[in-house]
Amino acid sequence: FRGPQFTVICSRAHVCLPPHAMAYNFATQGYRSFIKDTPGIDTDALRAETIKRIEAFDPRAWYDVPMETILSGDVLRSDADGSAVTVDAFGKENGRQVLAAPGSVDRVIAHVKSFQVGDVDQRAKVRSIEEVFFKGPLAAEIVAHQALDFHKQDGITEIEESVQALLVERQLNDALIADEQAGKVAIGRQAAFVGCVSNFTNFLDLCRKILRNMELGVPVVVLSRSNTTQHMYRYVVRLLDLMRERGVPLGLCTYCSCSIAEQRRLLAACEGSPMYFTGSREVASRIKEVAPKLMASTGGPNTMVVAPGCFSSEVAAAARMSNLIEHKGQCTALRHLVLPGASEASVTSMYAGASRVSGVDESLRKKEFSAQLKGLAKPIAPGYSVLDLGGAAEVAVRHCGEHPPAEIDEQWREAYLDVTAPKSLDPAFLGELTAWLNREQPISLALNCDFALARELFENTSLVVYTVGRLDQHKPALTAQARPQDGECFGEFPPRRQLEAVTAFPVIIPSSTPGYNTAYTPSFLRGHGTVPVQQWGLPSGLEACQELLGLCTGGEQRGYCRVLLDYLMDATRGPHRGVGSRTALFGLQRPPLRGGVCCLRLERSASLQEAAQYILPFAATTAKEQLVISADPSCALSIPGFSVVSESKEAFAASEPGYWSVVSLPRAQAVAAATPEFPLAAHFVSKLFAMGHIKSTLTDDAAFVDAFASSPKWLKMGGQAARSRM
């Protein structure tokens with residue numbers, strides 16, 4: 001139904017909740033109310049000014065004023081400092097960096113451990129600074145610097161989408177601090193470390209991780225990178241100038257320019273600090289060794305599926321653009337194509353419109369963001385061959401035969417493509433493909449096929465971004481399509497089996513960045529849990545939930561269980577409709593319907609009270625049948641509504657690979673240290689269930705909504721509420 005504040009497809013069996021209750025939690029009614037059509041910017045003016053900045057740039061500038069460590073607005077210098085040259089995205093030297101000596105890093109550590117801001121509410125001042133960066137004179141500068149350092153071809157669109165998305169995330173922060181002021185939550189104000197990404201740093205880092213933290217009084221420490229690090233340093237310098245001008249405490253932002261070894265020492269010394277990072281799973285797992293509270297967004301091999309008879313010239317162009325976008329430097333760039341019966345000739349024809357430009361300035365002038373900037377790095381990876389495209393571009397292709405590749409390397413900023421060519425998209429192959437997608441966990445899946453096939457793949461996988469092409473309307477799907485501000489919620493999740501080795505929580509966008517290090521207050525939980533269960537508004541038929549609550553003898557634990565149920569009763573009213581030029585549905589989802597069995601493993605010393613909060617979200621929803629409880633034989637357990645498999649550690653280890661996800665209790669020390677005891681409900685639930693969006697490439701696509709809104713993949717409340725929908 002479309003109401004004045006939000007659009008939601010819901011069941012009458014649910015209780016009505018205040019429109020902004022828990023609005024900072026994903027997929028609640030309040031969250032959806034923040035997703036609105038928002039105005040764009042004058043992109044032509046920004047483009048023209050950016051080109052001027054690039055043309056006027058002095059290549060000596062980043063040598064003459066090198067990167068340095070800045071603490072409380074002052075540059076730290078020492079005779080023991082080191083020095084290094086910096087390189088751009090293609091390994092070309094472009095400036096100089098002063099590597100802070102251990103003594104200077106010690107000063108940063110001391111600052112992180114001691115600094116506290118007097119007034120935690122810095123929203124007005126920080127947002128005035130943000131306007132200068134994204135709507136004012138600095139917008140062209142940060143785009144130009146990013147283009148010069150990373151060779152980004154379309155930083156203009158990033159700024160426009162940042163201007164729109166920051167409006168959503170500001171409101172999420174507003175809701176969060178309002179609940180803190182009401183005594184419901186406590187925002188962790190340990191300094192947050194920021195490991196910047198190259199491509200979308202102006203939005204993902206400057207806007208989301210730096211400014212959203214700072215405006216709620218969370219200090220940030222921005223770390224240098226081993227490449228493409230100059231443009232982030234330059235915006236931090238500008239940020240500190242603006243903070244000084246507007247009276248924002250300078251201790252809220254630190255830049256640390258140092259070696260990787262010193263960064264690891266810094267992180268390890270600052271126990272309890274969160275870190276926000278976007279990059280590879282391999283690097284994230286190494287960071288998490290020293291920073292348990294790591295919130296990592298990690299990529300995967302984005303995939304396009306083309307049904308037999310659908311590989312038109314329009315679909316071929318969509319595949320080419322998806323593969324070459326930003327010189328394959330966008331996180332949603334195509335890496336894996338499933339094309340039944342594909343031949344070398346058909347893949348070569350896909351690149352018929354490929355082109356090359358002399359540099360990013362030419363890309364900006366031509367508005368061409370999928371042209372190659374250079375040839376492939378040599379030697380070519382084993383197993384790949386270079387397509388003969390007559391000099392227009394270079395693409396390395398590996399034909400994998402009828403089965404998806406056993407291993408696949410991203411080959412970042414290099415035009416690589418793996419092609420799987422089954423004889424048909426029959427049930428046997430689709431089973432193999434869904435298993436592969438759940439193991440590799442791409443960010444994005446583009447589906448150029450009919451609704452039936454698209455729904456089969458949607459329901460049996462757990463990705464965040466799905467796009468369904470409407471080929472009858474000449475609107476094919478790309479992998480590189482997601483506007484979070486429109487409800488096309490975005491996230492770079494690791495495979496569920498790797499989750500705790502890579503990140504504390506999955507990171508969904510839009511979200512409140514400080515919310516990942518926020519917990520409910522003990523007093524709020526105790527009070528919330530004292531209300532009789534009969535007044536919680538639970539749908540009838542959930543007697544098992546009430547029995548589970550009997551395991552919770554502590555007031556805080558019981559209160560948290562109620563918070564989880566409050567959240568689920570609100571967030572399972574979806575899927576919600578997005579806004580904008582495409583038709584998106586977003587919300588909480590069940591694990592894959594086929595092969596998505598989850599396991600809660602209880603070892604000898606596991607607490608039943610802690611186990612209850614993991615079991616409850618399954619017991620209360622349509623995902624109930626997807627949970628298996630495995631317990632050590634020494635545990636004589638009876639879990640209301642569930643059967644318990646009694647098995648040894650060895651027997652469990654043998655069965656473990658067959659599960660989509662596994663939670664083991666008691667939690668390992670590193671896992672427990674990574675998250676608050678009572679985190680925001682959406683973040684806790686995100687470790688158990690899937691979430692994200694699926695969209696049609698058409699506007700107001702009623703046929704798409706009819707086909708996908710009714711999917712049993714969307715998470716719903718169980719009990720009588722579930723039966724009323726049958």
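The numbers attached to residues start from 1 for each chain and follow its sequence in the written order. Thresholds applied to this predicted model are a pLDDT of at least 70 for local features of residues and 80 or more for the giving and counting of side-chain atom pairs; totals over whole chains, interfaces and linings are not thresholded and use all residues. The side-chain numbers reported here are obtained from all heavy atoms of the structure, hydrogens and water having been left aside.

Engineer: Whenever I open this one, helix H15 (residues 427-440) confuses me. Can you help?
Structural biologist: One full turn of an α-helix is made of 3.6 residues, so residues set three or four places apart face in the same direction. Helix numbering and strand numbering both begin at the N terminus, where a helix is a DSSP run of H or I of at least 4 residues and a strand a DSSP run of E of at least 2. Here the expected length of a helix is defined as 1.5 Å per residue gap, with one fewer gap than residues. Helix length check: H15 (14 residues) gives 20 Å between terminal C-alpha atoms against 20 Å at 1.5 Å per residue, within 8%. Within H15, the full set of buried residues consists of Phe-429, Leu-430, Leu-433, Thr-434, Trp-436, Leu-437, Asn-438 and Glu-440. Any two residues whose heavy atoms approach within 4.5 Å at even a single point are treated as in contact. Check the buried side of H15 and you find it contacts helix H11 (281-288), strand S11 (303-306), strand S12 (336-338), strand S15 (416-420), strand S16 (444-448) and helix H16 (451-459). Here's how the labels work: a residue is buried when its accessible area is under 20% of the maximum for its type, exposed when over 50%, partly exposed in between, all with a 1.4 Å probe on protein chains only.

Engineer: What is the right way to read the environment of Arg-225 from this model?
Structural biologist: Mapped onto the elements of the fold, Arg-225 is located in the loop between strand S7 (220-223) and helix H9 (230-246). Those residues in contact with Arg-225 that sit more than four places away from it in its chain are Gln-97, Cys-196, Val-197, Ser-198 and Met-232. Separated by 2.9 Å, the side chains of Arg-225 and Ser-198 make a polar contact. Distance and chemistry together define a polar contact, namely a pair of N or O atoms within 3.5 Å, with one atom able to donate a hydrogen and the other to accept it when in protein, and with adjacent residues in sequence counting only for side-chain atoms on both sides.

Engineer: How should unusual backbone geometry be read in this particular structure?
Structural biologist: Trans is the prevailing form of peptide bonds, just as negative phi is the prevailing case for residues other than glycine. Going from Ile-509 to Pro-510, the amide bond is cis rather than trans, its omega being 10 degrees. Positionally, Pro-510 belongs in the loop between strand S19 (508-509) and strand S20 (518-520). That bond from Gly-574 to Pro-575 is cis: its omega, 10 degrees, falls within 30 degrees of zero. Secondary-structure assignment places Pro-575 in the loop between helix H20 (555-571) and strand S21 (576-577). For His-151, which is not a glycine, the phi torsion comes out positive at approximately 65 degrees. Checked against the element boundaries, His-151 lands in the loop between helix H6 (138-150) and helix H7 (155-181). Positive phi, normally seen in glycine, also occurs at Gln-411, with a value near 55 degrees. Here Gln-411 falls in the partly exposed class, since its relative accessible area comes to 21%.

Engineer: Please explain the state of the cysteines as it appears in this structure.
Structural biologist: When the sulfur atoms of two cysteines share a covalent bond, that bond is a disulfide. Counting rule for disulfides: a pair of cysteine sulfur atoms within 2.5 Å. A full pass over the atoms with the stated rule returns zero disulfides. There is no disulfide at Cys-400, and the cysteine sulfur nearest it, in Cys-449, is 20 Å away. No disulfide involves Cys-598; its sulfur sits 9.0 Å from the nearest other cysteine sulfur, which is in Cys-599. The exposure class of Cys-598 is buried, given its relative accessible area of 1%.

Engineer: Looking at this structure, how should I read the pattern of salt bridges?
Structural biologist: Pairing is possible between side chains that carry opposite charge, provided their charged atoms lie close to one another. In the sections that follow, a salt bridge refers to a side-chain nitrogen of Lys or Arg positioned within 4 Å of a carboxyl oxygen of Asp or Glu. All told, the structure shown has 48 salt bridges when counted by the stated rule. Ionic pairing is found between Glu-556 and Arg-526, a salt bridge with its closest N-O pair at 3.0 Å. Residue Glu-556 is located in helix H20, and its partner Arg-526 is located in helix H18 (residues 522-529); the two are separated by 30 residues in the primary sequence. Within the structure, one salt-bridge network assembled from shared partners comprises Asp-121, Arg-123, Arg-127, Glu-130, Glu-131, Lys-135, Arg-170, Asp-174, Arg-212 and Glu-215.

Engineer: Explain the sheet that holds strand S23 (residues 598-602) here, please?
Structural biologist: Through backbone hydrogen bonds, the strands of a sheet pair up, either in parallel or in antiparallel fashion. The pairing criterion for strands is at least two bridges between them, as found by DSSP. Taken together, the four strands give an open sheet; going across it, the order is S25-S24-S23-S26, and neighbouring strands pair in parallel fashion. This sheet does not close on itself; its edge strands, each paired only once, are strand S25 (644-646) and strand S26 (661-665). On average, adjacent strands in this sheet sit at an angle of 25 degrees to one another, irrespective of strand direction. Its contacts with the sheet put helix H21 (residues 608-619) on S23, strand S24 (627-631) and S26, and the angle it makes with S23 is roughly 165 degrees. For helices, the fitted line uses only the C-alpha atoms of the stretch in contact; every axis is such a line through C-alpha atoms, and the angle between N-to-C directions lies from 0 to 180 degrees.

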